[in-house]
Amino acid sequence: MTKPCILIGAPVQDGAGRLGCDMGPSAYRAAGLREVLLDLDIEVYDRGNVALAPLRPIVHPNAAVRLLAEYDAWTRVLSQVAFETGGEGFPIFLGGDHSLSAGTISGMARRAAHEGRPLFVLWLDAHPDFHTLETTTSGNLHGTPMAYVTGQPGFMPFLPALHATTEPEHVCMIGIRSVDPAERTALRAAGVTVHDMRAVDEEGLAPLLRAFLDRVAAVHGVLHVSLDVDFLDPGIAPGVGTTVPGGATFRETHLAMEMLHDSGLVRSLDLVELNPFLDERGRTALLMVDLAASLMGRRIFDRPTRSF
Ligand SMILES: NC(=[NH2+])NCCC[C@H](N)C(=O)O
Ligand SMILES: [Mn+2]
Ligand SMILES: [Mn+2]
């Protein structure tokens with residue numbers, strides 16, 4: 001990995017149902033993210049935290065929707081930051097709740113389009129976050145970013161127009177185990193690849209991921225990875241507001257990160273939904289930092305000597 005790594009704090013908490021994700025970027029810094037990357041001989045630039053753009057008043061007919069003006073403003077600023085930093089190095093977005101991915105993915109899609117390459121997204125999450133502004137019943141907008149970036153209906157004119165839409169066929173979701181009825185219907189209709197936890201149990205995470213990486217490589221695509229803390233089992237990652245039992249294990253997730261590194265296809269990463277207020281002495285933050293290290297090239301042995 002020769003590209004410099006650019007750390008961007010995205011202290012977004014307006015999309016989540018409870019407060020605390022705004023402390024995520026600080027927790028990753030305290031957990032030593034910069035230092036583990038430097039240990040891997042990666043150049044690291046910490047750009048600090050992104051500030052919220054000015055709000056424009058927005059009203060939506062779905063009365064459940066909360067903090068839409070904030071969502072719009074974060075999406076605008078993060079999309080621009082992703083587009084720019086995606087051209088300079090490997091951005092790691094330190095969340096912040098998952099609504100931030102509306103900005104990071106739309107910005108990376110614009111960056112990829114600029115380079116004439118298709119963007120693919122690997123979505124590691126217990127949830128598909130595929131609600132539209134009309135279908136959300138919780139009104140928590142961290143449940144909507146994937147629908148927005150893939151161009152599902154009803155986001156205009158409430159959110160920024162997309163420079164480039166991410167093809168639903170270029171999205172692979174793994175770890176899914178909490179889906180609302182409207183999301184189920186919309187995911188199927190859109191043609192998103194969804195590997196739920198049953199698929200992970202029956203087929204194994206590595207073969208599912210390998211098949212997706214082969215698809216990305218076959219068309220010379222670039223890959224954005226969005227890692228939600230609740231992808232992991234709550235037993236190892238308690239620092240999140242939306243825990244769902246039966247998540248991915250420590251080894252499964254490290255293996256996925258190692259495979260992603262070896263693929264050479266990944267060019268940007270979201271670390272989302274960490275809520276340090278709910279964490280236990282930083283253990284979730286530390287685990288996420290270790291996973292990021294695996295994705296950026298930390299390994300136990302070089303491959304030819306991994307067993308001897
Ligand atoms: N990024 C997340 N943690 N999303 C959880 C969303 C949960 C639920 N589907 C909702 O819309 O409220
Ligand atoms: Mn999520
Ligand atoms: Mn989730």
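Residues numbered from 1 in each chain as written. Chains lettered and ligands numbered in written order. Predicted model: local features only at pLDDT ≥ 70, side-chain atom pairs only at ≥ 80, totals over all residues. Heavy atoms only, no water.

For the protein, the name recorded in an unreviewed UniProt entry is Arginase, with Roseomonas elaeocarpi as its organism. Within the UniProt record for the protein, the comment given under Sequence similarities (unreviewed entry) is "Belongs to the arginase family." Here the protein is described in UniProt, under the heading Catalytic activity (unreviewed entry), as follows: "L-arginine + H2O = urea + L-ornithine". (UniProt positions renumbered as here; feature names shortened; annotations may be inferred.)

**What to know about the side chain of R267**
Here R267 lies in strand β8 (residues 266-272). Overall, the relative accessible area of 8% leaves R267 in the buried class. Within the local environment of R267, its side chain forms a polar contact with the backbone oxygen of G86, the two atoms lying 2.7 Å apart. Non-local contacts of R267, meaning those with residues more than four positions away in its chain, are made with K3, G86, G89, F90, P91, M108, R111, E115, V222 and L223. (Helix = DSSP H or I, 4+ residues; strand = E, 2+ residues; numbered from the N terminus. Buried < 20%, exposed > 50% of the residue type's maximum accessible area, 1.4 Å probe, protein only. Polar contact = N/O pair within 3.5 Å; in protein donor to acceptor, adjacent residues only side chain to side chain. Contact = heavy atoms within 4.5 Å.)

**Side note on the site of ligand 1**
If you check the shell around ligand 1, you find H98, H127, D129, H131, S138, H142, D180, E183, D228, D230, T242 and E273 and nothing else. In this structure, S138 approaches ligand 1 through a side-chain N or O atom, which is 2.6 Å from an oxygen atom. Considered on its own, ligand 1 offers 350 Å² of accessible surface; in the complex 91% of this is hidden by protein. Each residue belonging to the shell around ligand 1 can be placed in one class, and the counts come to no nonpolar, 6 polar and 6 charged. (Near = heavy atom within 4 Å. Areas by Shrake-Rupley, 256 points an atom, 1.4 Å probe, with all protein chains shown as cover. Nonpolar A, V, L, I, M, F, W, Y, C, P; charged D, E, K, R; others polar.)

**A word on the coordination of the manganese ion (ligand 3)**
Geometry sets the ideal angles at a metal, namely 109.5 degrees for four tetrahedral donors and 90 or 180 degrees for six octahedral donors. Protein ligation of the manganese ion (ligand 3) involves D125 (OD), H127 (ND1), D228 (OD), D230 (OD) and D230 (OD), the donor distances falling in the range 2.0 to 2.5 Å. Coordination of the manganese ion (ligand 3) draws on donor residues from a single chain, spaced D-x1-H-x100-D-x1-D in sequence. The metal-metal distance between the manganese ion (ligand 3) and the manganese ion (ligand 2) comes to 3.2 Å, with D125 coordinating both. Here D228 lies in strand β7 (residues 222-228) and D125 lies in the loop between β4 (119-124) and α5 (145-149), a separation of 103 residues in the sequence. Side by side, D125 and D228 carry an identical accessibility label, which is buried. (Donors = N, O, S within 2.8 Å, 3.2 Å for Na, K, Ca; no water.)

**Points about the nonpolar core**
Formed by 54 residues in total, the largest nonpolar core has its most connected members in L37, I92, L122, L223 and L260. Among the elements that make up this core, the one with the highest residue count is helix α10 (residues 283-295) (8 residues). Residues contacting L122, with those up to four places away along its chain left out, are C172, I174, L209, F212, L223, H224, V225, S226 and L260. The next biggest cluster of nonpolar side chains, apart from the first, holds 46 residues, and it includes V81, W123, A164 and V171. (Core = buried A, V, L, I, M, F, W, Y, C linked by side-chain atoms within 4.5 Å.)

**Section: the coordination of the manganese ion (ligand 2)**
Only H98 (ND1), D125 (OD), D129 (OD) and D228 (OD) from the protein coordinate the manganese ion (ligand 2), and they sit 2.1 to 2.2 Å from it. Spacing between the donor residues of the manganese ion (ligand 2) along their common chain follows H-x26-D-x3-D-x98-D.

**Quick notes on the sheet that holds strand β3 (residues 90-95)**
Taken in spatial order, the 8 strands of this open sheet run β2-β1-β3-β8-β7-β4-β5-β6, and their pairing is parallel. In the strand order of this sheet, the two ends are held by β2 (44-49) and β6 (193-196), each with one partner. Strand after strand, the sheet turns through a mean of 15 degrees between neighbouring axes, direction not considered. Examined bridge by bridge, β4 and β7 share 6 bridges and lie parallel to one another. Along β7, the bridge assignment pairs L119 with V222. (Pairing = 2+ DSSP bridges. Axes fitted to C-alpha atoms, helices over the stretch in contact; angles between N-to-C directions.)

**Quick look at the confidence of the model for the protein**
Residues with a pLDDT of 70 or more make up 98% of the protein, whose mean pLDDT is 97. Quick note on the complex model: pTM equals 0.98, ipTM equals 0.96. (pLDDT = per-residue confidence, 0-100.)

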